[in-house]
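# Overview (structure and organization)
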Amino acid sequence: MITVTGADSFTYDFAGGTSPATGTIRLGELGLRVEFQAYSANQSWPADGTDASGKWRLHDDIMAQTSSCCDAAIDTYSAWVSPSRGGCWPGMLELPSTTLTVQAGTDGVATYNSITVADASFLRAEQTINLYSGPDGLARLSTQVIASIAGNVITYQGTSAVVMPIGTVVRPAEAIGENTPASMVHPQPVMIDRIVSGIAQSEKTKFAI
């Protein structure tokens, strides 16, 4: 049960933990922050720089061509990894974002299926986008899938009635199914573009004949 205790405060019941909570309190907001990505033990980046098993050992063996595993391989790691946490996708805060330049919605009842943003150049059709209240962009208002883009006008595959003022922050999702922290697996267009542009030409020429 949530009890409002002031204009900007509330209390709620929860099982376990220590009450009242202390320290830095954060919300595990899906893919917003890289810190909240979680993986099984053999998928976790080794904090001490070593790795006796799991995918990072495999990565190191392939790049070193251990036991003549291959003739050559393209190393994509630096092209997709978060700049702030090893072995993890970037969080949405580390990806490009844009803002609404025209208010979307009127009364919270009438629906609409398009929004106008300042810059849609880094977005693609079928991309999932997450819309947050501005200017801090931390409270999620809506999640939509892009049907088409014309200039800076984005048309949704579905509809929404949520009123979103000018300045609402629009962020692309980096992976499909990021509703759970461990699902950062299948890249969406913004990450594909990042990987393609981030791979050094020297890596790409390994496959030139």
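Scroll up for the structure.
The following paragraphs examine the structure supplied in this document. For every chain, the first residue of its written sequence is number 1, and the numbers climb from 1 along that sequence. It should be noted that, the model being predicted, local features are given only for residues of pLDDT at least 70 and side-chain atom pairs only at 80 or more, the latter also being counted only at that level, while totals for whole chains, interfaces and linings use all residues. Heavy atoms throughout the structure, all of them, feed into the side-chain values; hydrogens and water do not.

## Observations concerning the overall build of the chain
Counted only if it meets this: Starting at the N terminus, helices and strands are each numbered in turn, a helix being any DSSP run of H or I of at least four residues and a strand any DSSP run of E of at least two. Summary of the burial criterion: residues with accessible area below 20% of their type's maximum are buried, those above 50% are exposed, and those between are partly exposed, where the area comes from a 1.4 Å probe applied to protein chains only. Contact definition: two residues touch when any of their heavy atoms are within 4.5 Å.
Tallying secondary structure elements over the chain gives four helices and eight strands in all. Along the chain, helices and strands appear, N-terminal first, in the series β-β-α-α-β-β-β-β-β-β-α-α. Taken across its 209 residues, the chain has 31% of its residues classed as buried. Taking the contacts inside the chain whose residues are at least 6 apart along the sequence as the reference set, 61% of them involve residues at least 24 apart.

## A short note on the packing of aromatic side chains
To be explicit about the condition: Note on ring pairs: Phe, Tyr and Trp rings are taken, using the six-membered ring of Trp, and paired if centres are within 6.5 Å. Classes follow the plane angle, with under 30 degrees stacked, over 60 edge-to-face and the rest tilted.
Tallied over the entire structure, the rule returns five aromatic pairs. Note on Trp 56 and Trp 80: the rings are 6.3 Å apart at their centroids and 25° apart in plane angle, and the pair reads as stacked. Of this pair, Trp 56 sits in helix 1 (residues 55-63) while Trp 80 sits in helix 2 (residues 77-80), and the two are 24 residues apart along the sequence. Judged on exposure class, the residue Trp 56 and its partner Trp 80 are both buried. Measuring from ring centre to ring centre gives 6.1 Å for Trp 80 and Trp 89, while their planes differ by 50°; the resulting arrangement is tilted. Trp 89 matches Trp 80 in its accessibility class, with the two residues each being buried.

## Topic: a nonpolar patch on the surface
Quick reminder of the rule: Patches here: salt-bridge-free residues with over 30% relative accessible area, like charges joined within 9 Å, nonpolar side chains (Val, Leu, Ile, Met, Phe, Trp, Tyr) joined within 5 Å. Where accessible areas are quoted, they stem from the Shrake-Rupley method and a 1.4 Å probe; at the residue level, only the protein chains shown are allowed to cover. The term salt bridge refers to a side-chain nitrogen of Lys or Arg lying within 4 Å of a carboxyl oxygen of Asp or Glu.
On the surface, a nonpolar cluster with roughly 490 Å² of combined accessible area is contributed by Ile 2, Val 4, Phe 10 and Tyr 12. Broken down by secondary-structure element, the contributors of at least two residues to the nonpolar patch are strand 1 (2-6) and strand 2 (9-12). By the secondary structure assignment, Val 4 is in strand 1.

## Some details on the sheet that holds strand 6 (residues 140-150)
Going by this rule: Note on pairing: DSSP must find at least two bridges between two strands before they are called paired.
The strand order 3-8-5-6-7-4 describes an open sheet built from six strands, whose pairing is antiparallel. Single-partner strands in this sheet number two, and they are strand 3 (98-99) and strand 4 (112-116). Looking at chain direction, strand 3 and strand 8 (residues 169-172) are connected through two bridges and run antiparallel. Bridged to Thr 98 within strand 8 is Val 170.

## With respect to unusual backbone geometry
Across residues other than glycine, the phi torsion is negative in most instances, and most of the peptide bonds are trans. Pro 135 follows Gly 134 through a cis peptide bond whose omega is 0°. In this structure, Pro 135 sits in the loop between strand 5 (128-132) and strand 6. Of note, the phi angle at Ser 67 is positive, near 55°, even though the residue is not glycine. Since its relative accessible area comes to 70%, Ser 67 is described here as exposed. Located in the positive-phi region is Ser 68, a residue other than glycine, with phi close to 55°. The residue Ser 68 is located in the loop between helix 1 and helix 2 in this model.

## Comments concerning the nonpolar core
What counts is decided by this rule: We call a set of buried Ala, Val, Leu, Ile, Met, Phe, Trp, Tyr and Cys residues a nonpolar core when their side-chain atoms join them within 4.5 Å.
Ranked by size, the top nonpolar core spans 15 residues in total, and within it Leu 100, Ile 115, Ile 129, Leu 131, Ile 154 and Met 164 carry the most contacts. Listed by contribution, the elements that provide at least two residues to this core are strand 4, strand 5 and strand 7 (153-160). Aside from chain neighbours lying at most four places away, what touches Met 164 is Leu 100, Gln 103, Ala 104, Tyr 112, Ile 115, Leu 131, Leu 141, Ser 142 and Tyr 156.

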